[in-house]
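# Examining the three-dimensional arrangement
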Amino acid sequence: MERYNTYSAHLKKRFGEKVYKLPVNLPVTCPNRMEGRGCSFCAGVGTGFEAMSEEVPVRAQLEETKQKIGRRYGAKKFLAYFQNYTNTFLPLSDFKAYVLEALETEDIVGISVSTRPDCIREDYLKFLKEAVLDRGYAVTIELGLQTVNYHTLKSISRGHTLAEYLNAVLLTAPFGFEICTHVILNLPGDTMEDAVETARVVSALPVDVVKAHSLYIPKNSVMYEDYRDGKIVLCTKEEYLDRLTEFVANIREDMVIERLFSRVPEEDAVFSNWGVSWWKLKDLFDEKMEQKGYVQGCKCDYLNGAALRRWRI
C-alpha cells in the first residue's frame, strides 16, 4: 500500500500508460553563477547527471535516451525534461528553438522545464501556452524553491527569496501548466519546523507536484569546503526520515510526490544519503509512515479557516 500519491501513478492516470522523462542538456548556465559560484551546494555541473553533452542536438539527445529507456522499461511515451541549470535563462528565441525541436521527436507527449523562481517571465509562459499546451502537449514548470526559510536561502547563496518563488507560482498558474516545486528538507540551518512550514506553504499555493531531495554535497562546491572544515552540521538519517514523514503528512492530499530522496552517482558527491542506498531509505520511510499511522495529507488541517473550525465559528 502506497501512503502517498506517486508520480508514476499520476503519469499513468494522465496519459493512460507508463510515461518516462528523458533528460535534455542545453547550453545554458544559471544567473546565480554569473558573478560568483552559485548556490553553495552546486559544483558547477548543474543537476543533469544523466543528461548527454549540451553539444548534442536536442532531438539526437532525446532519440538516443528514448531508445535506452524504451528497451529497458518498455515505454512508448515520453516527456522531454529540460533539466540542467536554469533553462529559462536562455534568450527567448533560443529557448523557443530548443522546445520546438523537442516536439519534433516522435512519442514526446509533453515537456518539463526546470528553472529558478527568479527566471519566470510572462513572454516565456505565453510561448509555452501557445506553442506547446494549445497543441495538445503537456507542460510542467519545475521551480527550485528548496526551503521557505529565507535565512537559509541567504546562507546557501541561493540568489532568490521566498517572495520570488511566490510570485513565480502565481504568475505561472493562470496558464494552466502543471507546477512542480523542488525542496531540500535537510539543508544546514533548517529544522523540523522548516520542513513542515515548507509543506504548508507549497500546499497553500496552486502547486500540483512536489519533488523532495535529500541534500547531497558535490565535490568542488562551497558547501563541500564548509563540510570539510566543520562549519556546517547535517542532520542524521533518522532526523531526515522524521522530517520527510511530517512533510508528507502535512502536504495537501491531492498533491503528487515525485521524489523522496536524491539519486546521484557516489563518485560525484562527498556526502549523499548517509551512505545508504535510496531504495533502502524508501523502505525505512515506508516503515516510519506505517509506525506513525500516517498517510499523505493526514495533518493538512491548516487551510480554509482553521481557527474557525477549531472554535466552531
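Scroll up for the structure.
What you see is a predicted model, and the numbers here were worked out from it, not measured in a lab. (Residues numbered from 1 in each chain as written. Predicted model: local features only at pLDDT ≥ 70, side-chain atom pairs only at ≥ 80, totals over all residues. Heavy atoms only, no water.)

### As for the sheet that holds strand S5 (residues 178–184)
For clarity, the threshold we go by: By the convention used here, strands pair only if DSSP detects at least 2 bridges between them. The helix count covers DSSP runs of H or I at least four residues long, the strand count covers runs of E at least two residues long, and both are numbered beginning at the N terminus. Working convention: axes come from line fits to C-alpha atoms, limited for helices to the stretch in contact. Angles between N-to-C directions cover 0 to 180 degrees. Should any heavy atoms of two residues lie within 4.5 Å, those residues are counted as being in contact.
Spatially, S1-S2-S3-S4-S5-S6-S8 is the arrangement adopted by the 7 strands of the open sheet, whose pairing is parallel. Taken across any chain shown, the strands that pair with only one partner, and hence form the sheet edges, are strand S1 (19–24) and strand S8 (256–259). This sheet shows a mean twist of 25 degrees between the axes of neighbouring strands, independent of strand direction. Pairing of S5 with strand S6 (residues 209–213), which is carried by 5 bridges, proceeds in the parallel orientation. Bridging across to S6, cysteine 180 finds its partner in valine 209. Where helix H2 (residues 58–73) meets the sheet, its contacts fall on S1, strand S2 (77–82) and strand S3 (108–115), and the angle it forms with S1 comes to roughly 145 degrees.

### Looking at the environment of leucine 166
Within the element layout of this structure, leucine 166 appears in helix H6 (residues 162–172). Sequence-distant contacts of leucine 166, that is, excluding residues within four places in its chain, are made with Val201 and Leu205.

### Some thoughts on the packing of helix H3 (residues 92–103) against helix H4 (residues 122–131)
Filter applied, for reference: Angles below 35 degrees are treated as roughly parallel, those above 145 as roughly antiparallel, those between 65 and 115 as roughly perpendicular, and all remaining angles as oblique. Note on convention: the crossing is left-handed when the near helix lies turned anticlockwise from the far helix by less than a right angle, right-handed when the turn is clockwise. Under the scheme applied here, ten amino acids are nonpolar (Ala, Val, Leu, Ile, Met, Phe, Trp, Tyr, Cys and Pro), four are charged (Asp, Glu, Lys and Arg), and all others, including Gly, are polar.
Packing of H3 against H4 leaves a shortest axis separation of 11 Å and a crossing angle of 25 degrees. Our classification of the angle between H3 and H4 gives roughly parallel. Classified by chirality, the crossing of H4 by H3 is right-handed. Contacts between H3 and H4 involve Leu92, Phe95, Lys96, Val99, Leu100 and Leu103 on the former and, on the latter, Asp123, Tyr124, Phe127, Leu128 and Ala131. Partitioning the contact of H3 with H4 into residue classes produces 9 nonpolar, no polar and 2 charged.

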